[in-house]
Amino acid sequence: MVDALQLSQVSFAYEEKTVLQDVNLTLAEGDFLLILGPNGGGKSTLVKLLLGLLTPSHGHIRLLGQRPSEALACVGYVPQITVNGSRLPIQVAEVVRLGLYREKGLNRAQKQQRVNDALQKVGLTHLANQQFTSLSGGERQRVLIARALVINPRVLLLDEPTASVDQEAREQIYSLLATLSQDATIVLITHDPDTQHLPITHTALVNGSLLCHNGHALTQEMVALSLGTSLSHLQSLNIVESA
Ligand SMILES: Nc1ncnc2c1ncn2[C@@H]1O[C@H](COP(=O)(O)OP(=O)(O)OP(=O)(O)O)[C@@H](O)[C@H]1O
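First things first, this report covers the structure right here in the doc. None of these values were measured; they are calculated from a predicted model.

### Brief notes about the environment of E168
- Among the secondary structure elements, E168 is positioned in helix α5 (residues 167–180).
- The class for E168 is exposed, based on a relative accessible area of 57%.
- C-alpha of E168 to C-alpha of G138: the two residues are 30 residues apart in sequence and 8.4 Å apart in space.

### Examining the environment of L64
- Examined against the element boundaries, L64 turns out to sit in the loop between β4 (58–63) and β5 (75–78).
- Judged by its relative accessible area of 9%, L64 is buried.
- With 90 residues separating them along the chain, L64 and R154 place their C-alpha atoms 8.5 Å apart.

### Some words on the sheet that holds strand β1 (residues 5–14)
- With antiparallel pairing, the three strands of this open sheet are ordered in space as β2-β1-β4. Edge positions in the sheet fall to β2 (17–27) and β4, since each has one partner strand and no second. The sheet shows a mean angle of 25° between the axes of neighbouring strands, taken without regard to direction.
- Two strands pair when backbone bridges link them, and β1 and β2 are joined in this way by seven bridges, in the antiparallel orientation. Paired with L7 across the bridge in β2 is L25.
- Contacts from helix α1 (residues 43–50) reach β1, β2 and β4 within the one sheet, and its direction differs from that of β1 by about 120°.

### Describing the sheet that holds strand β9 (residues 209–214)
- Reading across the sheet, the six strands line up as β5-β6-β7-β3-β8-β9 and stay open at both edges, with mixed pairing between neighbours. Where the open sheet ends on each side, the last strands, each with one partner, are β5 and β9. Strand-to-strand twist of the sheet, defined as the mean angle between neighbouring strand axes without regard to direction, takes the value 15°.
- Here strand β6 (residues 155–159) runs beside strand β7 (residues 185–189); their pairing, made up of five bridges, is parallel.

### Observations regarding the site of the ligand
- Taken together, the residues surrounding the ligand are Y14, K17, V19, P38, N39, G40, G41, G42, K43, S44, T45 and H191.
- Between the ligand and T45 there is a distance of 2.6 Å, counted from an oxygen atom to a side-chain nitrogen or oxygen.
- Calculation on the ligand without its partners gives an accessible area of 640 Å², and the protein chains cover 60% of this total.
- Sorting the residues of the shell around the ligand by element identifies β2 and α1 as the ones contributing at least two each.

### Thoughts on the packing of helix α4 (residues 137–149) against α5
- Where α4 meets α5, the closest approach of the two axes is 9 Å, and the angle between their N-to-C directions is 20°. By the angle between their directions, the pair α4 and α5 is classed as roughly parallel. Seen from above, α4 lies across α5 with right-handed handedness. Together, G138, Q141, R142, I145 and L149 of α4 and A169, Q172, I173, L176 and L180 of α5 make up the contact between the two elements.

Parameters at a glance
- Residues numbered from 1 in each chain as written.
- Predicted model: local features only at pLDDT ≥ 70, side-chain atom pairs only at ≥ 80, totals over all residues.
- Heavy atoms only, no water.
- Helix = DSSP H or I, 4+ residues; strand = E, 2+ residues; numbered from the N terminus.
- Buried < 20%, exposed > 50% of the residue type's maximum accessible area, 1.4 Å probe, protein only.
- Pairing = 2+ DSSP bridges.
- Axes fitted to C-alpha atoms, helices over the stretch in contact; angles between N-to-C directions.
- Contact = heavy atoms within 4.5 Å.
- Near = heavy atom within 4 Å.
- Polar contact = N/O pair within 3.5 Å; in protein donor to acceptor, adjacent residues only side chain to side chain.
- Areas by Shrake-Rupley, 256 points an atom, 1.4 Å probe, with all protein chains shown as cover.
- Parallel < 35°, antiparallel > 145°, perpendicular 65-115°, else oblique.
- Left-handed = near helix turned anticlockwise from the far one by under 90°.

Structure representation (structure tokens):
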């Protein structure tokens, strides 16, 4: 069976500045990768490489056995909502339909069915005709998940989907991700250390290089690094216990 994701000796530099060095990673289909890392560690750069928006300086990336730019029809991408968001007057169903812009073979009714199905998966069918800008942060984030789901992706990339939402919305999004992980390989970038209930198979820390553990190996060191600090600093603040 083809790997869902394979990075071999991947390095990337913005001009002279090396951001990622010798990154290796393999995920099978159905795996769930949690990516942590401090600000500036290279997480968004990694996502851009996976989406084919950037090309590695060295090494190679394969998604489902293909180059990232060739695999886009199978890859759903969920960006982080911004607090201010877009002020475009656009309905929820139209936002979701945007995810179908590469699907040339579907007629109008088939597209509508895909939109309805995606909204149902995220539990927002009742908001289909609402203005996107009238929704709460958590609802907007779920609409962006629906936009990614509308292509029935085999790989789902999410860049900090819980960063701008409240506790209740975060729980809804995590519960949704647990369900979606039954049908797709998931790569979740987050600063949120509260991910114990997700069916995580791999945890990686991106900070220039990539340190990957099998399973939900969220060590205190990884939490500290994901917050951009050190374990000893968190211990000095009594946020985590000293060893
Ligand atoms: N277009 C660019 N040109 C030059 N340097 C860049 C560019 N984009 C990002 N960088 C730099 O590359 C490094 C990694 O940035 P990146 O956005 O990938 O980090 P990140 O882990 O996603 O950070 P955050 O958690 O803050 O989103 C940072 O030092 C950043 O300043």
